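If you want the building blocks of each chain, they are given just below.
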Amino acid sequence: MKTLTKNLQDQISPLQGIELLKAGNERFVNNLKFNRNLLQQANETSDGQHPFAVIISCMDSRTSAEIVFDQGLGDIFSIRIAGNVINEDIIGSAEFGCKAVGAKVILVLGHTNCGAIKGAVKNVELGHLHFITHKIQRCLPRIKQEHPHLHEDELCQKATKENVLQGIIDLKYKSTILADMVYKGEITIVGGIYDLSSGLVEFFEAET
Ligand SMILES: [Zn+2]
């Protein structure tokens, strides 16, 4: 696997970017990781970086994007925050990754059994955590209205996906830069759920 250069990055379309992530996750799931010389990659990327994707995922210790998508140094921007919620700082980081550095894909990645989602569903109060849980809780009334008799586990499951979809909407509606790039076909924004037990990422193809 070659270290990404500007030229290689330019040749990757948004759809090919998604395929690269899918292929990387398939290698991870099948324990067929590329044998990279990371020290050499450190050297090759020391003057600049040309990642093809921005991955916004949870801080959960089991969901490291570089590992679960089998990526090397300089391949992806990895933005991590509890519950993979979107705020201004994260939007700014995604804008930098795409507009300034040329990434082609933004993936908002949730995961099964997410503590932040559970905290939002159970309305856990802890210090500054409400800044995160309140963002996640926006999707709960809609889910409860559509499915009034869900068990807590099922509610968490649905909220995990809805929270990812909400994240995609936040990115598009709060950033004119990203919305414009999507409109022009320069980038694509997709969602996914990482399964903690299988290691598999389920992608949502349809953009909201
Ligand atoms: Zn989580």
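This report concerns the structure included in the present document. Here the structure is a predicted model, which means the values were calculated and not measured.

Attention now moves to the sheet that holds strand 3 (residues 105-111). Strand order across the open sheet formed by 5 strands is 2-1-3-4-5, with mixed pairing between neighbours. In this open sheet, the two edge strands, each paired with only one partner strand, are strand 2 (76-80) and strand 5 (201-204). Strand-to-strand twist in this sheet, taken as the mean axis angle between neighbours without regard to direction, amounts to 25°. Sheet topology places strand 4 (residues 188-194) next to strand 5; 4 bridges connect them, and they run antiparallel. Opposite Gly-191, over in strand 5, you have Phe-204 as the bridge partner. On the sheet, helix 2 (residues 14-29) packs against strand 1 (53-57), strand 2, strand 3, strand 4 and strand 5 and is oriented at approximately 40° with respect to strand 3.

Protein-derived coordination of the zinc ion comes from Cys-58 (SG), His-111 (NE2) and Cys-114 (SG), at a distance range of 2.0 to 2.3 Å. Mapping the donors of the zinc ion onto the primary sequence yields the spacing C-x52-H-x2-C. The pair His-111 / Cys-114 is uniform in exposure class, with both members buried.

Residue position: Thr-160 is located in helix 9 (residues 152-174). With residues up to four places along the chain from it excluded, the contact list for Thr-160 reads His-111, Ile-117 and Ile-193.

Okay, unusual backbone geometry next. Peptide bonds are mostly trans, and most non-glycine residues show a negative phi. Backbone geometry at Asn-84 places phi at a positive 40°, although glycine is not the residue there. Counting through the fold element by element, Asn-84 comes out in the loop between strand 2 and helix 5 (88-100). In this structure, Asn-113 is a non-glycine residue whose phi angle is positive, near 55°. Within the secondary structure layout, Asn-113 lies in the loop between strand 3 and helix 6 (115-121). On the basis of relative accessibility, which here comes to 46%, the residue Asn-113 falls in the partly exposed class.

We now examine the pattern of salt bridges. This structure, assessed with the given rule, holds 9 salt bridges. The closest approach of N and O atoms between Arg-138 and Asp-170, which form a salt bridge, is 2.8 Å. With Arg-138 in the loop between helix 7 (130-137) and helix 8 (140-146) and Asp-170 in helix 9, this pair connects stretches of sequence that are 32 residues apart. For Arg-138, a relative accessible area of 38% gives the class partly exposed. The closest approach of N and O atoms between Arg-142 and Glu-162, which form a salt bridge, is 2.7 Å.

Turning next to the environment of Ile-55. With respect to the helices, strands and loops of the structure, Ile-55 is situated in strand 1. Separated by 83 residues in the primary sequence, Ile-55 and Arg-138 have C-alpha atoms spaced 22 Å apart. Excluding residues that lie within four positions of it along the chain, Ile-55 makes contacts with Leu-21, Ala-65, Phe-69, Ile-76, Phe-77, Ser-78, Ile-79, Leu-107 and Leu-109.

Here the focus is the packing of aromatic side chains. Aromatic rings considered in pairs are described by the distance between their centres and by the relative angle of their planes. Taken as a whole and judged by the stated rule, the model has 2 aromatic pairs. With a centroid separation of 6.3 Å and 70° between ring planes, the pair formed by Phe-77 and Phe-96 is classed as edge-to-face. Taken together, the residues Phe-77 in strand 2 and Phe-96 in helix 5 connect sequence positions 19 residues apart. Overall, Phe-77 belongs to the buried group, its relative accessible area being 14%. A cation over an aromatic ring shows up here: Lys-22 above the ring of Phe-203, its NZ or CZ 5.6 Å from the ring centre. Over the ring of Phe-204 we find Lys-161, and its NZ or CZ is 4.4 Å from the ring centre.

So, about the packing of helix 5 against helix 10 (residues 176-183). Between helix 5 and helix 10, the shortest axis-to-axis distance is 9 Å and the interhelical angle comes to 40°. Looking at the two axes, helix 5 sits oblique to helix 10. For the pair helix 5 and helix 10, the sense of crossing is left-handed. Between helix 5, through Ala-94, Glu-95, Cys-98 and Lys-99, and helix 10, the contact on the second element is made entirely by Ile-177, Leu-178 and Met-181. Along the lines of polarity and charge, the residues of the contact of helix 5 with helix 10 split into 5 nonpolar, no polar and 2 charged.

Here is what the cut-offs are and how they apply
Residues numbered from 1 in each chain as written. Predicted model: local features only at pLDDT ≥ 70, side-chain atom pairs only at ≥ 80, totals over all residues. Heavy atoms only, no water. Pairing = 2+ DSSP bridges. Helix = DSSP H or I, 4+ residues; strand = E, 2+ residues; numbered from the N terminus. Axes fitted to C-alpha atoms, helices over the stretch in contact; angles between N-to-C directions. Contact = heavy atoms within 4.5 Å. Donors = N, O, S within 2.8 Å, 3.2 Å for Na, K, Ca; no water. Buried < 20%, exposed > 50% of the residue type's maximum accessible area, 1.4 Å probe, protein only. Salt bridge = Lys/Arg side-chain N within 4 Å of Asp/Glu carboxyl O. Phe/Tyr/Trp six-rings, centres within 6.5 Å; stacked < 30°, edge-to-face > 60°. Lys NZ or Arg CZ within 6 Å of the ring centre and 35° of its normal. Parallel < 35°, antiparallel > 145°, perpendicular 65-115°, else oblique. Left-handed = near helix turned anticlockwise from the far one by under 90°. Nonpolar A, V, L, I, M, F, W, Y, C, P; charged D, E, K, R; others polar.

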